[in-house]
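# Understanding the architecture of this molecule
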Amino acid sequence: MAGLELISDQGLRNDGRRADELRGINCRLGVLKQADGSAYLEQGQTCVLAAVYGPHEVNRTRSIEDRAVINCQYTTAAFSQTERRATDSRSQQLSLQLQRTLEACVLTGLYPRSQIDVFVQTLQSDGATYAASVNAAALALVDAAVPLRDSVAACSVTYADGEPLLDSSYLEESGRAPSLTVAILPCTERVVLVDSGSRFHMDHLDGLVDSAVRGCRAVHQVLDTKVRQHVAATSQLINRW
Amino acid sequence: MNSINITMLKYDDDMNNINDKLENIDEKMVDSRTVVTPGEVITDEDGYMRGHGTSAESEDVQATVAGHVERTNRLICVRPISRRYTGEVGDVIVGRVVEVGQKRWKIDTNSRTLSNLMLSAVNLPGGELRRRSAEDELMMRSYLEEGDLISAEVQTIYTDGTLCLHTRSLKYGKLGQGLLVKVPANLVTRRKTHTHNLTCGATVILGNNGFIWLGATPTNEEGGFVQNIEPVSQTIREAVCRLRNCVVALANQNSPLYDTILIYSYEESGRWSIKELLQPANQKTLLSLTMHRLDMEMS
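Reference entry: report on the structure contained in this document. (Residues numbered from 1 in each chain as written. Chains lettered and ligands numbered in written order. Predicted model: local features only at pLDDT ≥ 70, side-chain atom pairs only at ≥ 80, totals over all residues. Heavy atoms only, no water.)

### What to know about the overall build of chain B
Across its full length, chain B holds 6 helices and 17 strands. Residue burial in chain B is summarised as follows: out of 299 residues, 44% are buried. Summed over its atoms, the accessible surface of chain B is roughly 16300 Å², and 52% of this surface lies on carbon and sulfur atoms. (Helix = DSSP H or I, 4+ residues; strand = E, 2+ residues; numbered from the N terminus. Buried < 20%, exposed > 50% of the residue type's maximum accessible area, 1.4 Å probe, protein only. Areas by Shrake-Rupley, 256 points an atom, 1.4 Å probe, with all protein chains shown as cover.)

Rendered as structure tokens:
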């Protein structure tokens, strides 16, 4: 799209945000009664549903002696984008990536010879879908009471006109500007994932990662509050008598 | 009378002194009942033992799950809201037989692994002290086979969390005609008894693992592996169905489940038909009526 400005002279983006502003985050935990843990997350117009089953028994061939196996399946709904697509070619690769990200935060050593299933599906895709999936998976793990070393928070950033734009929308990601997704462990401030599908100069890397980490911290703050509210609300009756 | 009153007062004073001393032992660094999230530091004081839900990896006590902090003297635990069952010795559970193995049955109890019911932990017909022979092993399927529902008690817990069950009592054994309701395990509160024979003719077994069995009250206290296949009357069937809908209504709204709340909600549910109890609006009203009754009783 020729002449499309991602950020105007006044410093406003296409949807009216500033460069370092995140989209509104809404989430609900425990939306699927049949799963051990589940979460529905909205980041702007991006909607993701995550479900966690386990830890549970697994047959010997697939189990590991001293820790749990994390089995991730990341799918994109066919109706999630403007054009209907049956499969997303990157699904398998993203599933593996999600597995590695979660392995950094789940205390798998506590459950030898078991398996934890994490299913994430993107229902509506408006940019930063992978970051939203990581956030949703983390919420679902917390809802399932799976012991975590630390929570995970992810954020995407796009580099346009010399400015890093946090929490990119589909419009910003689909252009020629390079995008980056970063996930961190918030409390220990360790970066567990840096993923990019585009090319950019090495000099920009540090700045981009730094701003993405700032975005992750902000995301974590919001999600943390939601988790606390959820815990307080669901245990209200149990603690009453 | 006066002398008795003075003695009672002195007892209260002593108790107050003891309580004061207990509170002064540890500085209140950790407030019970605060909500923590994974990775959050509960306290960085020395000398605290790390219980469930805390991590042993770092120097300070960090939470690994989201839940309430429970501090008992020097032990800090975090109790999450978990749908899965983590067992404790002595719990009453309801489970379904999944596998018949060598000298043991594998039972599905909504825990992280399948639970074990050893052949030596059941009452075999012919006396309790009989030694388990090879024929008993071959006859295992005639006692319990895949798909059977049993009630049992947790005997031990292995280090990896697998539960070892036993049915060495007449109150446990194969469950006959009835309904199984699965609820989140944390909603079933721990009480002295978990098997309740209600006046409406139904029996409720509130398994600690979140499996709740509702059935007709057995006329004979056989236990074991004998199944009662006599037809159950219409009124008792309706009572069991109504109870089941009450349990589902309470569980959907995260209410704790125990005998009193179940009986009250059963009585309050009389104003709706059994089918109407499944509607969310009616379920909400049922819960508020039950809560009101419980509050009135408490005050």
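### As for the packing of helix α2 (residues 129–143) of chain A against helix α4 (residues 202–234) of chain A
The geometry of a pair of packed helices is captured by two quantities: the angle between their axes and the separation between those axes. Residues and elements named next belong to chain A. Contact geometry for α2 and α4: axes closest at 11 Å, N-to-C directions at 30°. Considered as vectors, α2 and α4 are oriented roughly parallel to each other. The handedness of the crossing between α2 and α4 comes out as right-handed. From α2, Asn135, Leu139, Val142 and Asp143 reach across to α4, where they touch Val219, Leu223, Val227 and His230. Partitioning the contact of α2 with α4 into residue classes produces 5 nonpolar, 2 polar and 1 charged. (Axes fitted to C-alpha atoms, helices over the stretch in contact; angles between N-to-C directions. Parallel < 35°, antiparallel > 145°, perpendicular 65-115°, else oblique. Left-handed = near helix turned anticlockwise from the far one by under 90°. Contact = heavy atoms within 4.5 Å. Nonpolar A, V, L, I, M, F, W, Y, C, P; charged D, E, K, R; others polar.)

### Brief notes about the packing of aromatic side chains
Summed over all chains, the structure comprises 2 aromatic pairs over all chains. Relative to A:Phe119, the ring of A:Tyr53 lies with its centre 5.9 Å away and its plane at 70°, an arrangement referred to as edge-to-face. Of this pair, A:Tyr53 sits in strand β3 (residues 46–57) while A:Phe119 sits in strand β5 (residues 114–124); the two residues are 66 residues apart in sequence, bridging distant segments of the chain. When its relative accessible area of 29% is taken as the criterion, A:Phe119 is described as partly exposed. Geometrically, the ring pair formed by A:Tyr74 and A:Tyr130 is edge-to-face, given 6.1 Å between the ring centres and 75° between the ring planes. A residue pair is termed long-range when its members are at least 10 positions apart, and A:Tyr74 in strand β4 (residues 69–76) and A:Tyr130 in helix α2 qualify at 56 residues. By relative accessible area, A:Tyr74 is classed as buried at 3%. Its guanidinium or amino end placed over the ring of B:Tyr48, B:Arg74 lies 4.8 Å from that ring's centre, counting from NZ or CZ. The residue whose ring lies beneath B:Arg293 is B:Tyr264, and the NZ or CZ to ring-centre distance is 4.0 Å. (Phe/Tyr/Trp six-rings, centres within 6.5 Å; stacked < 30°, edge-to-face > 60°. Lys NZ or Arg CZ within 6 Å of the ring centre and 35° of its normal.)

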